[in-house]
Each structure stands twice: as C-alpha cells, then as structure tokens.
Amino acid sequence: MLLSLSWLREFTPYEGDAEALGDRLTMLGLELEDIQRPYDAISAIVVGHVLECVRHPDSDHLHCCKVDAGQGELLDIVCGAPNVAAGQKVPVALVGSSLPDGTVIKKAKLRGAPSFGMICSERELGLTEDHSGIMVLPENAPAGARLVDVLDLDREVLDISITPNRADCLSVLGLAREAALAFNLPLTIPDLPLHLDADGPEAVVPIEIAAPELCWLYSGRVISEIKVAPSPMRVRHRLHAVGVRPISNIVDVTNYILFECGQPLHSFDLDKLRGGRIVVKPAREGEKFVTLDGQERVLTGRDLCIRDAERPVGLAGVMGGLNTEITDQSRNVFLESAVFRPGTIRKTSRRLGLSSEASYRFERGIDQQRTVWALDRACAMMAAFGGGVVRRGLSIVEPRPFVPARIAFRPARADALLGVRLSPEFDEKVLTGMGCAVEKSNDAWLVEQPSWRPDLTREADLIEEVGRVHGLDTIPPVLPPVHLDLARAAEPESRYAFWLRLKHWGAGLGLNEAVNYSFVGHKDLDQLGLPGEGRISIMNPLSAEQDALRTALAPGLLQDLRNNLAQGAQGLRLFELAHIFEADPASETTARETGMLGILLYGARHDASWPHVEADMDYADLKGVVEHLLHFLHLPAPVCRQAEEHPFLLPCVDVLAEGRRVGVMGRVKPALAEDFHARKPVWLAELNLELLRELYDKAVVRFTPLPVYPPVRRDITVMAGPELKVSQVLDHLAGLKLPLLEEAVLVDCFEPGGDGNEEPARNLTFRLTFRHAGRTLKDAEVDKEREKVADSLVRTLGVRI
C-alpha cells in the first residue's frame, strides 16, 4: 500500500516525518518497506512567466520567448509547443538542471536563436503522458517558485506492507486511523456533500441479485450530462504519486476513492446497458467475455458476473467489460458500489490470472457500512469534475446486512496473556480508538466490532490489538514458570516430544536436519518411479513444480543433495522428520498423513579437518545409523532382509523390528543419482515413525549390572562362496548359546582376486568377544571356546576357517 504523507494529513494532523511514522506503523504490525520521493527528479523545476512570445524568424513551428523565472533577468527560451503564449505561467527547467528521463538542460542555439532553458510539458516532467503541449500553470503561481511547492505535490510516499488480515489498512483512511491511534491524534474525514438534481426526474436502475450468498450489497447512482475530460491537476498528480496512471475524470475518481477509503467502484456507460437493468448472477459455463484490457475470458459457473438484461458487462469485483466502457462520448454514467463474498472474487482472480487493485481489496473484505457513503462521495467528485448532475434515487439491494460481532473482553485475561499489567483505562482507550463500542462491567466487557475490522471476531483478537498498541517490543521477556506433575511422569510422551527427541538424536549423531516443503511435483515422483495411485494433486499450486503432496521423503532429500553439491559440499549427512500424504477416502480430510524419518548419506566418511584415510560412506554407515536409532529407542537390533524390488533403491533391504517392517534402506540407483549431480554412491533410508513409536511405547527397559571383568577378543575368518550370507553366520553363532561368547560382529570382508578359473570366494572376518561374569578368563579356555566355534561353523555351514 502506497501512502502519501500529505494525503494522510488531510485525515489526521500528523506533524512528524515519514521515518517516524514508518517506524511506529512497523511496530504496530504494518511494516514499512520503503519511503519514496516521487517528485525529487523535478525539484529544481521553477515557475516561469512568459512575458513575450513571437514566432521564430527561421521556423514555422518554433517560438522565441522571454521568460521571467525569478533569476533577476529575463531568459531567452526557444519553445516548439503549439500552445505557448504570452502571459502564461509555465514550468521552466533552468540551465544545469535535469529532467526525470536524465536529460540535462544546456545552453543551446535553435535555428540561430539562443535558448537558456526549457519550457516543459507534463510528460517531460514525468507527471502524465500528455505531450500535446506545454503545461500551463495557474495564473497565481509566483515566478521563480519551485514547481513542487506551487502544485503542492506529494513529497513523501510510504510503501507499507499490509498483512492479509488487515484489509482496513488498504486505504488512506484506514492508515490514518492507525496513525491517529498510535500518536493520540484526532481523526477527521473531510466533508464532501452530495447535491442531487432536485428539479430533474428520479433515475433508479433496477437491480436483481440472483446469488445473494455471493453478493451481500449492490448499490449505484446515475450521473447525467457529464463531460469526460482530464481530472483536475491535483487529483492527477496525487494518483501519479501512488503509482496510478491518470485516465479521465470518471476513471480517476473511482481510483481516488479506492485509495482514499478502500471501496472499489466501477462506472458503466448507462447508454450501453441493454434493458437499463443490472443482474448479479454466476456466469454460464463456457461463456465468453471481453474485459477492459481487451482480453477474451472464458468463464465458468463459479465466476460471478454483473449483467445487463442480455449479457455480462463486468466480472464482479475483478474488472469491467469492454462493452460498457466509459469513452469520450459517454454522457450518462451508472456508478456501482458493491460488496461481494471475498472467496468468490479470489477464486475468479486466481483462475484467470487477473489481479487488480479492486480484486485485491474485495478478496480481503471491505467496509460494508461505508459502501454507499463511498458511492455518494465519488458521485459528488464526478459531478464537480465533469459538470454533470447526480440524479435523485439510490439503486440498492442488500440481501445480507452487516451485523457486528459482539465480543466478551476480560481485562484480567488480557494482562495474563500479554504478561504485562495494563490499566482498564488504557484498554478502553485502545478499543474505542479502534472504533469499537464498549459496554463496561466489572469483569467482562462487551465490545462491538467496527464495520471496517472484519478480522476482530474473538477475545484473543482484541487482546492482540491492546498488546500491539501498548508495544509488543516493550513487554519484557520473562520465562514462564513450568510446573511438572509427578503423577503424570509415567504417561507416554506426546507426539511432539517424541519427534523432538529424535531430532536431538539426529543432531547428536552428527546429522544435519533438512526441512522441505510438503509440495513436490508429479514429475519428481515419476522420476523416482513412485506409483501414481494414492497421490494427492494440489488444485491451486504455488508453481507447476509443486503440484502434488509428497508420498515419500526422497524427492526433497535428493533436491537437498543437488543444492549442496552445487555449493561445493564434499560430504552430506541429512535427516528429515516430516509427513507423507496418501489419498484415503475413509479419512475425515480424505488424506492419510504418516510420519516418516528420512536419512541420506553421501560422500566422504570423515570431515576434511581430521587426519584419516580417505574413504566414502557405504552401506555399513547407513546400517549403523539405523541400528543406532533402534538402540536409542530401546528396540532390538534390526533384521535386514533383501527387498525383491524398489522404485529407486538398488540394492534395497527391508528393515524389520520385532518382526514388523518399519522401513527400507539402500543405495539410490546410479542412473537416478546422476540426475541429481551425484558422482558417488547415495545411501538413503526411510523409516515409518508411526510404527517405531508404537514399538517404542511397548518396549520395556531392563537394567543389568555393568561387567566387572575384562573381555577377551579373538578374530575368526570364514572362507566361503558368495552365496553365504553374513546373517547366516551370525545366526549360527547366536544359536550356539555358548555361555562365554558375549558378542560377534563382522569387522572385515575381503574378496581375493584370481586368475578367473577359480570359484569366487569371500573372506569374512568376525570378532568374537568372550567374558565371564565372575572371573578373568584365561587364554587357554578362550582358545578352546574359539575352536568350538570354528568346528561348528565348518561342520554346519561347510566353510573353511
């Protein structure tokens, strides 16, 4: 929202500078983006008085002028404008000054005549696009005065970011209310009385609202005998300062009122309204309509239209139609002021990609109580600017009158929520200053919502208003007291607490947490070979690349890999806790959300700053992370079973805990990894947090004494063919149930190269840990136990030791 400081001062007597106002509005939640000074480029332009104007002796279109520019002597200026004449007050660019387009004025000779300056047109000054002749100023403008002072141009314009809930601040009036409240100033709305044609006949346009749930109020007035012409200079320059191109007195008035009080208006050429009536109803499916920008739009039954007796003449709240456009020949105008359902306008605007200043305000809600007031204000301006008369009779239908919300407000509750003691007098001052009607009682007040604040519907909204006016930045930060109830100590922890513990686990393990959008593209899911059934498409996606909800965490993690590799990362260790989404008609939301944990490992195993033997992460690293997670959750070590097929992992194993499949892990297919710029193996795991939480809640923690006596370790190497699985060896060793054998782990796998004639073989080295609970073991008895293990492996599995 662009706010002219001089325009604001017409409503409230603010005397400070733009920076102070912007700082205060920012602390009220209306952030200042920038301060523009739209007319700094013409600050050096002065008023000149043309005392003499004669034709150039060597040109049929140039004039030689003598101009008093307040410099003490007359300036010779050659001008080519057809409307220049003696006696005029005109804008003059002196030698050495520059124009908005960068042109620097220099001494010159035109056809032999000296010229010491330039008489400017409005386009050369950057005010409008008018270049038909020079700009002629009012006769009372003093020669030598600065043009910006004479025209009282808006020197400072604040660019303020308005949050979606503050539709009331999309106008000068709304921001003036905020400024008046913030600086304890009065608010005055300049009076602009409407004079109706008492002698002429009444003119009422019949209005029919076929969809009252979509149009809550529709009103209009007829202005006759109007002449379309340029708006007064003050209006044109004010609109230009806030970024609006002046067009004509009719169009400029609607834009002026829109920025002044936030009510969008639209003017129809009454003579082009067939049947002389207005019908508000949805469009017919496939109906075509040409808007004011000359584009043909194909409408649907969800688009609300303004129609005459035969055809659509406007897209409600978005843009008018070319068939009833105001032109220079228009003499009778029907001016519309209405209130539409915000959601309807938003959907039409988004679907057509057609956003306007009017739709932007209708989408957020407008002040229904001021709709007719804004209409009358605009009619008075049009009659004054165009010489027309406003006919008697107000055309209005209001199927849904505004009913203010009545909200209970407790000052004590406000103090408790804000954490600061505020006096009841301050609370009342803020609420009444916002426009609320307050009925006070001892404990709970009854507060009536003002019509321009549709966002105030509950007590928390009022408390927020009191807090922001007091200054949220002035409330001292105090940690709230936390009381733990020991009676609830044995209850299962919340979902949030469980996920938070897992995040701490991941960070403590040296993994970096990734946070990705839930939105992905169908093409991303197709690229990974994920099934199409069960996907949920987004009806109104942020972009074409985010048109579906993710069904796996892999797309986001692989995009993170691509981005980090592009930034020069050599190794990556990521984890992400998030939901995946699948269509489920039985669900209340038609979507089933499942919490998942994703883990991605890539590149160097060690950080570059540590001395080490260079090695890349592999399956053992990924499996170690998963095993560590299950141990962290007090679950037994996972059972890894090779999966038959997976869309994007090869090899891939299923992870089983307590006999239930809780996820998968493996290597991303090399061809797919290359699409994400990976030149090394990418290891990825996805685990179901819902199942892990279920198993975690059932787990029983048992404590055993710490071992007192030292362990004795022996290595044993098993030589066998590739068909022998490591799990077979470990399961066999566990099945021996030797009382002294505490643990067996794989520490090395070696595949010796041959001449090609030998059968392929692997050497698997296992480390056996022996320990006695009551004494220190001797080497002889440990060696004896190792021999038992070796003999059993050879006899049962047919391996060599």
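The structure displayed is predicted, hence computed values, not measured ones. (Residues numbered from 1 in each chain as written. Predicted model: local features only at pLDDT ≥ 70, side-chain atom pairs only at ≥ 80, totals over all residues. Heavy atoms only, no water.)

Points about the overall build of the protein chain
Check the secondary structure of the protein chain and you find 20 helices and 37 strands. Relative to the compact-globule value of 28 Å for 801 residues, the protein chain shows a C-alpha radius of gyration of 40 Å, a clear excess of over 25%. For the protein chain, the C-alpha atoms occupy an extent of roughly 125 × 75 × 60 Å along the three principal directions. Taken across its 801 residues, the protein chain has 46% of its residues classed as buried. Partitioning the contacts of the protein chain with sequence separation of at least 6, the portion at a separation of at least 24 is 69%. Per element, the accessible surface of the protein chain, about 40,400 Å² overall, is 51% carbon and sulfur. (Helix = DSSP H or I, 4+ residues; strand = E, 2+ residues; numbered from the N terminus. Rg over C-alpha atoms; globule rule 2.2 N^0.38 Å. Buried < 20%, exposed > 50% of the residue type's maximum accessible area, 1.4 Å probe, protein only. Contact = heavy atoms within 4.5 Å. Areas by Shrake-Rupley, 256 points an atom, 1.4 Å probe, with all protein chains shown as cover.)

Re the side chain of Arg221
Counting through the fold element by element, Arg221 comes out in strand S12 (residues 215-224). Residue classification places Arg221 among the buried positions, given a relative accessible area of 8%. Side chain to side chain, Arg221 and Asp376 meet in a polar contact 2.6 Å long. Beyond its immediate sequence surroundings of up to four residues, Arg221 is in contact with Leu194, Leu196, Val333, Phe334, Leu335, Leu375, Asp376, Cys379, Val390, Arg391, Gly393 and Leu394. (Polar contact = N/O pair within 3.5 Å; in protein donor to acceptor, adjacent residues only side chain to side chain.)

Quick notes on the pattern of salt bridges
All told, the structure shown has 57 salt bridges when counted by the stated rule. Between Arg468 and Glu178 there is a salt bridge, with the nearest N and O atoms lying 3.0 Å from each other. With a gap of 290 residues between them, Arg468 in helix H12 (residues 459-470) and Glu178 in helix H4 (residues 172-183) connect regions that are remote in the sequence. With respect to class, Arg468 is no different from Glu178; both count as buried. Close ionic contact of Glu363 with Arg364 constitutes a salt bridge, the shortest N to O distance being 3.4 Å. Overall, the relative accessible area of 26% leaves Arg364 in the partly exposed class. A single network of salt bridges, built from pairs that share partners, joins Arg166, Asp168, Glu178, Arg453, Asp455, Glu465 and Arg468. (Salt bridge = Lys/Arg side-chain N within 4 Å of Asp/Glu carboxyl O.)

Some details on the pairing of strand S29 (residues 571-583)
Note that strand S26 (residues 512-513) and S29 share 2 bridges and pair parallel. Looking at S29, one finds that Glu513 is bridged to Phe575. (Pairing = 2+ DSSP bridges.)

Remarks on the packing of aromatic side chains
Counted by the stated rule, this structure contains 7 aromatic pairs. Stacked on the ring of Tyr360, the Lys or Arg Arg364 has its end atom at 3.7 Å from the ring centre. Cation over ring: Arg693 sits above Phe498, and NZ or CZ is 5.2 Å from the ring centre. (Phe/Tyr/Trp six-rings, centres within 6.5 Å; stacked < 30°, edge-to-face > 60°. Lys NZ or Arg CZ within 6 Å of the ring centre and 35° of its normal.)

Let's talk about helix H19 (residues 726-736)
Among all positions of H19, only Val729, His732 and Leu733 are buried. Buried residues in H19, looked at end-on, bunch into an arc of 100 degrees, giving them a common side. Opposite its buried face, H19 presents the exposed residues Asp731, Ala734 and Gly735, each directed more than 90 degrees away. Buried residues along H19 sit in contact with strand S36 (741-750), strand S37 (762-770) and helix H20 (779-797). In the stretch just after H19, Lys737 is the one whose phi turns positive, near 55 degrees. (Arc of directions from axis to C-beta.)

Description of the sheet that holds strand S34 (residues 682-688)
Ordered by their spatial adjacency, 7 strands build an open sheet running S26-S29-S30-S34-S33-S32-S31, and the pairing between neighbours is mixed. Strands at the two margins of the open sheet, each flanked by one partner only, are S26 and strand S31 (639-642). Taken together, the 13 bridges between S29 and strand S30 (residues 591-603) define a ladder with antiparallel strand orientation. Within S30, the residue paired with Glu582 across the bridge is Arg592.

Overview of the UniProt feature "domain: B5" (unreviewed entry) in the protein chain
Those residues carrying the UniProt feature "domain: B5" (unreviewed entry) are residues 402-477 in this numbering. With 39% helix and 14% strand, the stretch residues 402-477 has end C-alpha atoms that lie 40 Å from each other. (UniProt positions renumbered as here; feature names shortened; annotations may be inferred.)

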